[in-house]
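# Structural description and commentary
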Amino acid sequence: MGARVARIVSLAVALLAAGATGCRTGPEPAAFRVGIESTPTTLDPRYAAGAHAVRILPLLFHGLLKADPSGRLVPDLAVTWQQPDERTHVLRLRQGVRFHDGSELTARDVVATYRYVADPAHGCPASGALEPLRSVEAPDPYTVVFRLKRVYVSFPSLLTLGILPQGLANRKDLGDRVVGTGPYRLAAFRPGEEIVLEAFPEHFEGPPSLERIRFRIIPNATTRLLEIRSGGLDLLQNAVPPYSVRFLRRDPNLQVIVSPGTSYQYIGFNCEDPILKDVRVRRAIAYAVDRQALIRFALDGLARPATTLFPPEHWAHNPDVPTYPYDPDRARRLLDEAGYPDPDGPGPAVRFRLSYKTSTDKTANEVARVIAEQLGRVGIGVEVRSFEWGTFFSDVKRGDFQLMSLRWIGLRDPDVFHYLFHSASVPPRGANRGRYRNPQVDAWIDESRRTPDPERRRELYFRIQQAVARDCVYVSLWWLDNVVVLRRGYTGFEPLPGGEYTSLARVRPEGAP
Amino acid sequence: MIRRRLVTLVPTVLGVVTLVFLLVHLVPGDPVDVMLGETANPADKAALRAELGLDRPLAEQYLGYLAGVVRGDLGRSILYRRPVAELLAARIPATLELSAAALAVALILAVPLGVAAARRKDTAVDRGSLVASLLGVSIPNFWLGPLLVLAFSVHLRWFPVSGRGGWDSLVLPAITLGTALAAMLTRMLRSSLVEVLGAEYLTAARARGVGEGRVLWVHALRNALLPVITVLGLQMGSLLSGAVVTEAVFSWPGLGTLLLQAIHGRDYPLVQGCVLVISLGYVGVNLLADWAYRWADPRVRR
């Protein structure tokens, strides 16, 4: 009988071993490991649209310009950037910059990349924004001239696109053959699994310190926490749930770096809804939400209460907009005035009912339920409905919602007001999902787009922010903090407002030169 | 019987392909929005929709897809801009590996436990195996996985937390995925073995002087395995769906994680490709179960 058991067990073990032989050997231990939440679908700068790709691309590619930590655009592959007139941009390129394939960067590569992206037939995400581009030319190997059809003040923000060598820029599908001028080159890209980068020794700013960087795709938040606790990861940026920060801080092997962020969370109203089209109701809701309590309990204090889209350090931030501090009595009075008396005071009957749509994200759901409870205290019945992301987002765009909450990540250029609040930007043409229509705001936005003078533009942006806050199009909730968890023993990582991993090129082991 | 099964395979798979095609196109959301982001202007979106063939009537898209499948062309993934077949080929080995290991774990646990419980019916061993099986069936994968990781990876540091590397990375996902199946098989094996052990042909065998070990492991077990094989074949489907959860917990780069991404991104060809492969796997496993049945029960062969 014993022999029989042994035979069965050995058969089972053989089966297990047969299954295991397909495994690859482990990664090189030298790699610096970064956990990311979801897989970039492509690392081709012409097509990359998702946040995760956009954050990794600066390691592989340089653009003509780049954003400095305060969000201002400064030359990158360009050495000078001039505007002889309002519709022409002339950029002189750095000389001696090498692509990962060894060839030298010239103006022809820039022209090829932009011409490909601007052609709507290629389906690149930036093609719409490049519509005002009339031509891009290379009068000599180190000069690029962009000519625009009309004055377009936010055109420079499009000059950050990663440049490909001419031979690849004209090709439709690059697959893994992404070749840039960045400090790292792509060593392996296994979608859904990992992205491995290796240092590019001929980088024009000198070779980076870390030899290899391995981005591991770990969709499950608990798994990411367990990985960094067990030593399986070296860096997590904005990828841990707020509740975990407290115990990560107690881990002697980890350093937690919290810095003010720019991700803006808000409650959006459908301004065409029969109840919500009354600005008094929208204001009442804003007064009824206790942001401080939400930040303290749902986010463990890791956010700053927001008043407008751009945080105080941004040049277009208006410090003087109408605000809605927590005031439930005022909210009740406003609702009474709007013609929705509370049938039974503090009793269970409600003034009216609203639905609040959200995704299935855990924190978003917690926040939604707390807000529903807070609105319940002023007599508004709220039903929280959570949907799979694609369905939720599609409903929001179609205007099939009353209340919803979303977040804007990486807003930099205030020209985004056109996209968010102009009456011409109601979906599908833009992201004015609340169907907000104010002719005065439209006029200011239009004027800002034609105004090259930065001071005058700033004044217009101030007015727009004031009007939007007065009309209570959004309830501004908070700007989320950036939370970086870094293994001790490394130094030099600098969080950027958009969450880009650019500064990984400067990370080095402590004590190293 | 096997031949008849093979013949029914074609309409089954065709039905699945059709159903999935219709379902993914009915779900709200649009791959073009995912690709271009919202900033794109409507003309560009229309151009891309035309390029992807999404502007054609649904029936035409369906027939085009079917024609491709017959030729072995599963189309191109919208998100990844690569052939679907290439993406699937990269993921199938990982899922097969995990499923095979989970099956092995299930058998290693279930056979000794089930046999012990049946032989010592109504003793502490039997009751212990009952409690263990109840726990095994009830504990959800998304809880068991992190619990095992906490114990064996974070504290003891025996195995990696997640990812697919050497054999050690397979252990915890396989146990997580195999536990529920092990529990179910233990109960099945115990009850069918209890029934068989009382049968007259075993008394006859014992009377002929056959040793108790041979009676149990050859004469009894072979008959007791019949219902177990049936259940095993049916349960392979739940193994595959459990793999979706387990793969997510362990960042295992298999079909499950690929399917989830494809659904979130409304990547129609990729969703269809994943479901096609999974349903083929399901049908294939059931064929194997039929074959195993013939081995265990000569009556079926007639």
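All of these numbers come straight from a predicted model, not from anything done at the bench. (Residues numbered from 1 in each chain as written. Chains lettered and ligands numbered in written order. Predicted model: local features only at pLDDT ≥ 70, side-chain atom pairs only at ≥ 80, totals over all residues. Heavy atoms only, no water.)

When you go through chain A residue by residue, the secondary structure sums to 14 helices and 19 strands. Relative to the compact-globule value of 24 Å for 513 residues, chain A shows a C-alpha radius of gyration of 26 Å, a close match. Dimensions of chain A along its principal axes, counting C-alpha atoms only, are 90 × 70 × 45 Å. Here chain A holds 513 residues, and the buried ones make up 56% of them. A sequence separation of at least 24 residues applies to 67% of the contacts in chain A between residues at least 6 apart. (Helix = DSSP H or I, 4+ residues; strand = E, 2+ residues; numbered from the N terminus. Rg over C-alpha atoms; globule rule 2.2 N^0.38 Å. Buried < 20%, exposed > 50% of the residue type's maximum accessible area, 1.4 Å probe, protein only. Contact = heavy atoms within 4.5 Å.)

The secondary structure content of chain B amounts to 13 helices and zero strands. Ordering the α and β elements of chain B from the N terminus gives α-α-α-α-α-α-α-α-α-α-α-α-α. With the C-alpha coordinates aligned to their principal axes, the bounding extent of chain B is approximately 85 × 55 × 30 Å. Counting across all 302 residues of chain B, residues that qualify as buried make up 50%. A separation of at least 24 residues holds for 73% of the contacts in chain B among residues at least 6 apart in sequence. Working note: accessible area of chain B is about 13,900 Å², and carbon and sulfur atoms make up 69% of it. Looking at charge distribution, chain B has the averaged site of its 28 positive side-chain charges lying 12 Å from that of its 20 negative ones. (Areas by Shrake-Rupley, 256 points an atom, 1.4 Å probe, with all protein chains shown as cover. Lys, Arg positive; Asp, Glu negative; His and termini not counted. Charge placed at Lys NZ, Arg CZ, Asp CG, Glu CD.)

Quick look at the packing of helix H5 (residues 84–119) of chain B against helix H12 (residues 268–296) of chain B now. Residues and elements named next belong to chain B. Where H5 contacts H12, the axes come no closer than 10 Å and their chain directions differ by 45°. Taken as axis vectors, H5 and H12 run oblique relative to one another. Between H5 and H12 lies a crossing of right-handed hand. Listed contacts from H12 to Val84, Leu87, Leu88 and Ile92 of H5 are Pro269, Leu270, Gly273, Cys274 and Val277. (Axes fitted to C-alpha atoms, helices over the stretch in contact; angles between N-to-C directions. Parallel < 35°, antiparallel > 145°, perpendicular 65-115°, else oblique. Left-handed = near helix turned anticlockwise from the far one by under 90°.)

Okay, empty space enclosed by the protein next. Empty space among the atoms becomes visible once a probe the size of a water molecule is rolled across them. Tallied over the full model, the rule gives four cavities of 30 Å³ or more. Roughly 90 Å³ of internal volume is contained in the largest cavity. Along the walls of the largest cavity sit Thr41, Thr42, Leu43, Asp44, Lys172, Asp173, Leu174, Gly175 and Phe189 of chain A together with Tyr80, Arg81 and Arg82 of chain B, which together make up its complete lining. Its residues assigned to classes, the lining of the largest cavity shows four nonpolar, three polar and five charged. (1 Å grid on protein atoms, 1.4 Å probe; cavity = no way out; pocket = protein on both sides within 12 Å on 5 of 7 lines; lining within 4 Å. Points joined across faces, edges and corners; volume = space filled by probe spheres on them. Nonpolar A, V, L, I, M, F, W, Y, C, P; charged D, E, K, R; others polar.)

This brings us to unusual backbone geometry. The general pattern is negative phi for most residues beyond glycine and trans for most peptide bonds. Residues and elements named next belong to chain A. Its identity is not glycine, yet Arg435 carries a phi of approximately 55°, on the positive side. Position of Arg435 relative to the elements: it lies in the loop between helix H12 (416–421) and helix H13 (439–450). Residue classification places Arg435 among the buried positions, given a relative accessible area of 11%. Despite not being glycine, Cys472 has its phi angle at roughly 50°, a positive value. Examined against the element boundaries, Cys472 turns out to sit in the loop between helix H14 (454–470) and strand S17 (474–487). Given the relative accessible area of 0%, Cys472 is considered buried.

Let us now look at the nonpolar core. Residue and element names in this part refer to chain A. Membership of the largest hydrophobic core comes to 67 residues, with the highest contact counts inside it found for Tyr114, Phe146, Leu197, Phe215, Tyr501 and Leu504. Top element by residues in this core is helix H3 (residues 107–118). It accounts for seven residues. Taken domain by domain, this core gets at least three of its residues from each of domain 1 (2–52 + 176–259 + 482–509) and domain 2 (59–166). Here Leu504 is in contact with Phe32, Val34, Leu59, Tyr184, Leu210, Ile213, Phe215, Leu235 and Phe493, once residues within four sequence places are set aside. (Core = buried A, V, L, I, M, F, W, Y, C linked by side-chain atoms within 4.5 Å. Domains from an automatic or database assignment.)

The next point concerns the packing of helix H5 (residues 221–230) of chain A against helix H7 (residues 141–155) of chain B. One way to put it is that H5 of chain A packs onto H7 of chain B with a least axis distance of 11 Å and a crossing angle of 5°. Regarding the angle of H5 of chain A to H7 of chain B, the classification is roughly parallel. On the side of H5 of chain A, the interface is formed by Thr222, Leu226 and Ser230 of chain A, while H7 of chain B contributes Pro146, Val149, Leu150, Ser153 and Val154 of chain B. Residues that form the contact of H5 of chain A with H7 of chain B fall into these classes: five nonpolar, three polar and no charged.

A word on helix H10 (residues 362–376) of chain A. All names here are of chain A. A rise of 1.5 Å per residue sets the reference length of H10, with its 15 residues, at 21 Å; its end C-alpha atoms lie 21 Å apart and thus fit the reference within 8%. Considered for burial, the residues of H10 that qualify are Asn365, Val367, Ala368, Ile371, Ala372, Gln374 and Leu375. In this structure Asp361 caps H10, since a side-chain oxygen of it lies 3.3 Å from the backbone nitrogen of Thr363. (Expected span 1.5 Å × (residues − 1). Polar contact = N/O pair within 3.5 Å; in protein donor to acceptor, adjacent residues only side chain to side chain.)

Okay, the pairing of strand S10 (residues 212–217) of chain A next. Residue and element names in this part refer to chain A. Summarising burial for S10: six of the six residues are buried, a large majority. A two-sided burial pattern is seen for S10, the buried positions comprising Arg212, Arg214 and Arg216 on one face and Ile213, Phe215 and Ile217 on the other. Relative to S10, strand S1 (residues 32–36) is paired through five bridges, and the arrangement is parallel. Bridge pairing in S10 places Arg33 opposite Arg214. Relative to S10, strand S9 (residues 194–199) runs antiparallel, the two being bridged by five bridges. Bridge pairing links Val196 to Arg214 in S10. (Pairing = 2+ DSSP bridges.)

Turning next to H13 of chain A. Residues and elements named next belong to chain A. Compared with the 16 Å implied by 1.5 Å per residue over 12 residues, the 17 Å span of H13 between its first and last C-alpha is a close match. Among the residues of H13, Val441, Asp442, Trp444, Ile445 and Ser448 are the ones counted as buried. Down the axis of H13, the smallest arc covering the buried residues is 165°, so these residues share one side. Opposite the buried face of H13, by more than 90 degrees, sit the exposed residues Pro439 and Arg450. (Arc of directions from axis to C-beta.)

On to the environment of Val111 of chain B, then. Residue and element names in this part refer to chain B. Residue position: Val111 is located in helix H5. Placed 22 residues apart in sequence, Val111 and Ala89 show a C-alpha to C-alpha distance of 33 Å. Sequence-distant contacts of Val111, defined by excluding residues within four places in its chain, comprise Leu189 and Trp217.

Residue and element names in this part refer to chain A. With six bridges joining them, strand S8 (residues 184–190) and S9 adopt antiparallel strand pairing. Opposite Arg185, over in S9, you have Glu198 as the bridge partner. Linkage of S8 to S9, two consecutive antiparallel strands, is achieved through a turn of three residues, within which Gly192 is found at a positive phi near 80°.

Residues and elements named next belong to chain A. Taken domain by domain, chain A comprises domain 1 (2–52 + 176–259 + 482–509), domain 2 (59–166) and domain 3 (261–480). Distance between the C-alpha centres of domain 1 and domain 3: 35 Å. With 11 residues of domain 1 in contact, the opposing surface of domain 3 contributes 10 residues. In this assembly, domain 1 and domain 3 are joined by one salt bridge. (Salt bridge = Lys/Arg side-chain N within 4 Å of Asp/Glu carboxyl O.)

Moving on, we get to the pattern of salt bridges. A side chain of one charge can pair with a side chain of the opposite charge when the charged atoms of the two come close. All names here are of chain A. Throughout the structure, instances matching the rule amount to 37 salt bridges over all chains. Note that Asp400 is salt-bridged to Lys357, the shortest N-O span being 3.7 Å. Separated by 43 residues along the polypeptide, Asp400 in the loop between helix H11 (389–398) and strand S16 (403–408) and Lys357 in strand S14 (residues 352–359) bring together distant segments of the chain. The buried category is assigned to Lys357, whose relative accessible area is 4%.

Residues and elements named next belong to chain A. Under the counting rule described, the total for this entry stands at 22 aromatic pairs over all chains. Relative to Phe146, the ring of Tyr114 has its centre 5.0 Å away and its plane inclined at 80°; by these criteria the two rings are edge-to-face. Taken together, the positions of Tyr114 in helix H3 and Phe146 in strand S7 (residues 143–148) put the pair 32 residues apart, joining distant regions of the chain. Exposure class is identical for Tyr114 and Phe146. Each is buried. Centroid distance Tyr340 to Phe352: 4.8 Å. Interplanar angle 65°. Geometry classified as edge-to-face. With Tyr340 in the loop between helix H9 (328–337) and S14 and Phe352 in strand S14, this residue pair connects regions lying 12 residues apart in the sequence. (Phe/Tyr/Trp six-rings, centres within 6.5 Å; stacked < 30°, edge-to-face > 60°.)

All names here are of chain A. Within the open sheet, the four strands sit side by side as S4-S5-S7-S6. Their pairing is antiparallel. Each having just a single partner strand, strand S4 (78–85) and strand S6 (133–140) make up the two edges of the open sheet. Between one strand and the next, the sheet's axes are offset by a mean angle of 20°, whatever the strand orientation. Strand contacts of H3: strand S5 (88–93), S6 and S7, with the helix running at about 165° to S6, the strand carrying the most contacts.

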